[in-house]
Amino acid sequence: MKLYTYFFAVFLGMIYMGTVYSKDFDPVVFAKEIGDLNDKQEFEKVILKLEHILNDKGATAYARYNAYLQKALTYKRLYNYTGALRNLDLAVAEPVPDSLREEVAFRVQIERLFVYFDLQEHKEFEAIFKSIDKNKLSLLPAETQSFFICTLGVLAMRNKDYAAADKELNRAIEIQKADNPKNLPSIYRIKVRLFQEMGNHDAALKAYEDGMSYANQYDMAIYKIIMDETITRYYEHIKDYENALYSQKRVSVARTNYNANNQVGKLNLIENSLLKEHKDLEIKSERYFKYYLISFTFVLLLLLLVLYLLYRVNRQKRILVEEDNERMRTTLQQIASESETLEKAKLELKDFSFTSRQQEIIDLVNQGKTNKEIGVILFISENTVKYHLKAIYEILGIDRRSALKTSFSSIPKVD
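Everything quoted here is computed from the prediction, not taken from an experiment.

So, about the pattern of salt bridges. A complete count under the given rule lists 20 salt bridges for this structure. Residue K224 is joined to D219 by a salt bridge in which the shortest nitrogen-to-oxygen separation is 3.0 Å. Three or more residues joined by partner-sharing salt bridges are found here, namely K32, D36, D39, R77 and K182.

The next point concerns unusual backbone geometry. Unlike most non-glycine residues, Q120 shows phi in positive territory, near 60°. Of note, Q120 is situated in the loop between α6 (98–119) and α7 (122–131). You can call Q120 partly exposed: its relative accessible area is 33%. Backbone geometry at K239 places phi at a positive 65°, although glycine is not the residue there.

Before going further, it helps to spend a moment on the side chain of T232. One can find T232 in helix α12 (residues 221–237). Taking the relative accessible area as the measure of exposure, T232 reaches 2% and is therefore buried. In terms of polar contacts, T232 uses its side chain to reach the backbone carbonyl oxygen of D228, at 2.7 Å. Within the local environment of T232, its side chain forms a polar contact with the backbone nitrogen of Q248, the two atoms lying 3.5 Å apart. In this structure T232 touches A244, S247, Q248 and V251, once residues within four positions along its chain are discounted.

On to the packing of aromatic side chains, then. This model, assessed by the stated rule, comprises seven aromatic pairs. Relative to F147, the ring of F114 lies with its centre 6.4 Å away and its plane at 90°, an arrangement referred to as edge-to-face. Of this pair, F114 sits in helix α6 while F147 sits in helix α8 (residues 142–158), placing them 33 residues apart in sequence. Given the relative accessible area of 24%, F147 is considered partly exposed. Cluster of aromatic residues (ring-pair linked, three or more members): F117, F125, F129 and F148.

Moving on to the confidence of the model for the protein chain. In the predicted model, the protein chain carries a mean pLDDT of 82, and 79% of its residues have values of at least 70. In the model, residues 1–20 has pLDDT below 50 throughout and makes 21 contacts with residues more than four positions away in sequence or in other chains.

When a protein is soluble and globular, its nonpolar side chains tend to lie buried together. The biggest cluster of nonpolar side chains holds 75 residues, and the ones touching the most others in it are Y65 and F148. Leave out the neighbours within four places in its chain, and F148 touches I110, L113, F114, F129, I132, K134 and L137. With 17 residues, the next largest nonpolar core counts I361, L389, L396 and L404 among its residues.

So, about α12. With 17 residues, α12 extends 25 Å between its outermost C-alpha atoms, agreeing within 8% with the 24 Å of an ideal straight helix rising 1.5 Å per residue. Positive phi appears at K239, one or two residues downstream of α12, with a value of about 65°.

The set of residues buried in helix α17 (residues 371–378) consists of N371, I374, G375, I377 and L378. Viewed along the axis of α17, the buried residues span an arc of 165°, placing them on a single side of the element. Looking one or two residues past α17, F379 carries a phi angle of roughly 60°, positive in sign.

Rules behind the numbers
Residues numbered from 1 in each chain as written. Predicted model: local features only at pLDDT ≥ 70, side-chain atom pairs only at ≥ 80, totals over all residues. Heavy atoms only, no water. Salt bridge = Lys/Arg side-chain N within 4 Å of Asp/Glu carboxyl O. Helix = DSSP H or I, 4+ residues; strand = E, 2+ residues; numbered from the N terminus. Buried < 20%, exposed > 50% of the residue type's maximum accessible area, 1.4 Å probe, protein only. Polar contact = N/O pair within 3.5 Å; in protein donor to acceptor, adjacent residues only side chain to side chain. Contact = heavy atoms within 4.5 Å. Phe/Tyr/Trp six-rings, centres within 6.5 Å; stacked < 30°, edge-to-face > 60°. pLDDT = per-residue confidence, 0-100. Core = buried A, V, L, I, M, F, W, Y, C linked by side-chain atoms within 4.5 Å. Expected span 1.5 Å × (residues − 1). Arc of directions from axis to C-beta.

In structure tokens form, the structure reads like this:
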């Protein structure tokens with residue numbers, strides 16, 4: 001029976017011959033491939049590529065760990081922090097070899113730190129930060145090291161140690177310049193905030209120009225948005241409302257084009273479809289495998305018949321996969337079309353009467369700001385923000401902020 005099982009395994013290997021993620025897997029090359037696709041906003045291709053690895057029974061645990069890690073980074077890029085944390089948990093749970101365990105655990109620890117930093121979850125952030133062994137930074141890719149150093153700069157800013165903050169940020173910039181300059185805007189936006197707190201107007205504008213220059217050089221849409229959001233807040237801080245309004249208009253247009261929330265919806269749709277497809281294929285494979293074992297026990301001729309049937313079944317599976325992929329592409333196109341139709345059908349907020357404060361809050365909600373962030377920007381408490389939102393909901397006849405973002409178009413800005 002062992003001989004029969006071995007023969008069957010070899011046969012299946014011939015049928016499923018293709019990409020196998022073995023010991024030759026290169027995480028650096030893989031991360032660059034995924035990063036390039038994300039930079040082009042080809043998120044559907046990213047998920048399909050990652051799911052292919054995760055569903056490949058020939059993939060090593062280290063390859064699967066890297067797939068989950070890149071999936072987490074992709075979701076974080078789209079502000080889906082729940083999805084990012086879930087995939088980090090899956091990444092660290094992979095049974096990688098002992099020689100890689102320290103590297104894997106430390107990288108996941110750092111990425112969790114970044115997520116809680118972005119979410120401003122101070123309690124979770126502090127717990128992880130205190131447990132980090134800075135002597136292990138060499139285990140991280142240069143890009144990740146620079147982001148961690150950048151975090152140190154932000155912490156120094158919070159402590160009003162501006163000299164230390166500037167030093168850490170400059171150190172992070174030098175690493176990025178040598179390793180991957182396309183991500184430099186993420187550091188220059190912090191430099192703008194630093195010089196804002198220091199009251200250095202010229203340096204703040206120079207940091208903005210440097211960050212936007214790299215965003216344009218590498219055509220990074222998300223970084224263009226981030227840099228314009230940063231300079232908008234800076235102009236508001238120095239009460240240069242004319243320039244603030246001008247840059248805010250650029251942000252609104254760019255945010256609409258980027259449409260990160262819609263991308264997240266597409267990725268969830270693809271993942272659910274792939275999960276169902278994978279389960280269906282597993283059920284079919286198990287059924288035919290049992291038939292094979294029973295038949296093979298009685299007669300060799302039935303073995304040949306079963307092998308032939310398995311070949312046909314797998315050919316049909318490939319056809320089904322291609323058809324399912326085509327249906328997914330069609331579904332995505334329909335989603336995009338429906339989204340455009342919905343956008344045209346939105347009510348105009350200008351048809352309602354709002355106070356200037358309510359208009360400001362509506363704009364910030366449509367930018368994806370949380371109540372806490374809105375309070376900081378407008379210099380009011382979070383409870384005051386909630387009070388204004390309740391009044392806005394009553395005027396519009398809605399009960400939640402998602403309805404405000406999906407059913408009503410923004411109030412046009414007036415120069």
